[in-house]
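Each chain, letter by letter, is given below.
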Amino acid sequence: MPLMQRFSPRLTTIINRINNKSYSTSNDQKIKKSVFISQSKDVYTNLALEDWMYRNFDFKNHHVLMLWQNNPCVVIGRHQNPWLEANVTELPYISEQGVQLARRNSGGGTVYHDKGNLNLTFFTPREHYDRKYNLQIISRSLFREYNMKVDISPREDLTIRNFKQVSGTAAKLGRTTAYHHCTLLVNVNKVDLHMALQKPEADIKTNATKSIKSKIMNLCEENPHVEINNLMKAVGWEYMRMHPLKLVDGGMELANNQNGFQLVNPTDGWFPGLTEIRNQLVSWEWHYGKTPKFNITKSFKIPDSLVEGYGISEDLRVTMVVENGKINDISLYVPPGISSQGFSGNVNVITSLIGHKFSEDTLGSLEMMISGLVNEKDRFVSECLKQVMTSV
């Protein structure tokens with residue numbers, strides 16, 4: 001069997017042929033496996049391909065492992081806050097090509113991808129979803145190919161010597177279909193990774209899922225012979241030699257009876273409607289607009305020139321409420337004893353931000369407004385608002 005086999009007809013024809021094959025009556029033997037390798041390195045296209053397959057494939061008798069890589073990007077979970085998880089304002093300036101931000105459809109924490117990272121997605125019917133089965137396949141392939149011992153942690157991540165994480169994991173479970181995807185750090189640029197994910201602490205209150213920080217390690221640090229292309233082969237063959245419903249090794253005889261490796265081209269020609277899904281995933285409304293509601297509070301020492309002779313020890317506090325990625329409300333706490341004129345009177349400065357995106361564009365508009373202010377108190381409050389927005 002060749003390692004790679006490109007589809008000659010369109011993918012739908014191939015899948016129909018696979019699904020319509022007549023297999024033996026045993027449930028285990030009815031199921032055939034395929035390893036799909038995406039030819040795209042674009043994170044939005046690959047996430048769209050995942051979603052397309054989740055929506056459209058019938059996995060009852062056809063389980064699929066999708067292998068894919070991305071150009072540098074930060075991928076947050078569906079229920080996460082990008083301003084908490086990533087260095088949002090600096091992402092375009094990390095590496096020569098910048099780092100993209102993407103939100104996936106599954107839950108879980110934030111991960112960094114580049115071409116030194118291998119992504120794996122296991123597709124099955126909901127009833128056959130088995131995360132540990134999938135992780136055991138990866139672990140076994142690393143041991144078989146590289147004599148490398150990789151453990152499965154209680155949180156179902158892959159670790160080396162139980163403390164260095166080499167893989168994160170997440171899943172999406174639907175009514176009839178499920179997928180489990182994970183990363184494998186092979187030779188990731190760890191400097192760029194830390195720059196993309198490094199965040200100063202911000203006083204944010206939210207119900208958004210927060211990532212759990214872990215010590216990470218590239219597989220090539222443990223064994224310098226590990227590289228992406230060979231690892232794809234190792235994991236793919238290990239996947240096909242295992243029985244689909246139990247972790248039993250059927251050897252190369254079983255592997256050679258599967259559907260094999262398939263290069264897939266994630267375009268509308270192969271997957272009708274894929275571009276529409278990608279357009280949603282690349283939009284601001286998905287990246288930021290899906291962020292769970294959050295409040296951010298920041299305190300500011302009032303300049304002596306504005307206290308008007310009063311002995312004031314408290315700070316002025318600004319609280320900003322962000323919902324659907326937009327500024328929903330702003331409130332000021334002004335210490336007792338200070339003349340409110342100017343502070344509560346800067347209604348135009350505050351109300352002008354309500355309803356605007358919590359983004360650099362809004363920040364630019366605020367800076368223009370500050371430059372036109374004459375009143376010192378208005379300018380002080382406006383500068384405070386600016387600092388709230390730039391503190392995350």
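For the structure itself, look to the data block above.
Here is a short report on the structure shown in this document.

The rules we used
- Residues numbered from 1 in each chain as written.
- Predicted model: local features only at pLDDT ≥ 70, side-chain atom pairs only at ≥ 80, totals over all residues.
- Heavy atoms only, no water.
- Core = buried A, V, L, I, M, F, W, Y, C linked by side-chain atoms within 4.5 Å.
- Buried < 20%, exposed > 50% of the residue type's maximum accessible area, 1.4 Å probe, protein only.
- Helix = DSSP H or I, 4+ residues; strand = E, 2+ residues; numbered from the N terminus.
- Contact = heavy atoms within 4.5 Å.
- Pairing = 2+ DSSP bridges.
- Axes fitted to C-alpha atoms, helices over the stretch in contact; angles between N-to-C directions.
- Parallel < 35°, antiparallel > 145°, perpendicular 65-115°, else oblique.
- Left-handed = near helix turned anticlockwise from the far one by under 90°.
- Nonpolar A, V, L, I, M, F, W, Y, C, P; charged D, E, K, R; others polar.

## Details of the nonpolar core
Next up, step 1: The biggest cluster of nonpolar side chains holds 42 residues, and the ones touching the most others in it are Val74, Met320 and Phe358.
Next up, step 2: Going through the elements one at a time, strand 4 (73–76), helix 6 (190–197), strand 15 (294–300), strand 16 (316–323), strand 17 (326–333), helix 13 (360–371) and helix 14 (376–390) are the ones with two or more residues in this core.
Next up, step 3: Ranked by residue count, the leading element in this core is helix 14, at six residues.
Next up, step 4: When neighbours within four sequence positions are excluded, Met320 is seen to be in contact with Phe294, Asn295, Ile296, Ile327, Asp329, Ile330, Phe358, Leu385, Val388 and Met389.

## Focus: the sheet that holds strand 10 (residues 164–167)
Next up, step 1: The sheet built from three strands is open, its strands ordered 8-9-10 with antiparallel pairing. Each edge of the open sheet is held by one strand with a lone partner, namely strand 8 (151–152) and strand 10.
Next up, step 2: With two bridges connecting them, strand 8 and strand 9 (residues 158–160) associate as antiparallel partners. When the bridges of strand 9 are listed, Ile152 appears paired with Leu158.

## Quick notes on the packing of helix 3 (residues 43–56) against helix 10 (residues 274–281)
Next up, step 1: Axis separation between helix 3 and helix 10 bottoms out at 8 Å; the angle between their running directions is 125°. One element, helix 3, and the other, helix 10, form an angle in the oblique class. Every pair of crossing elements has a handedness; the one defined by helix 3 and helix 10 is right-handed. Between helix 3 and helix 10, the residues in contact are Tyr44, Thr45, Leu47, Ala48, Leu49, Asp51, Trp52 and Arg55 and Leu274, Ile277, Arg278, Gln280 and Leu281, respectively.
Next up, step 2: For the contact of helix 3 with helix 10, a count of residues per class yields eight nonpolar, two polar and three charged.

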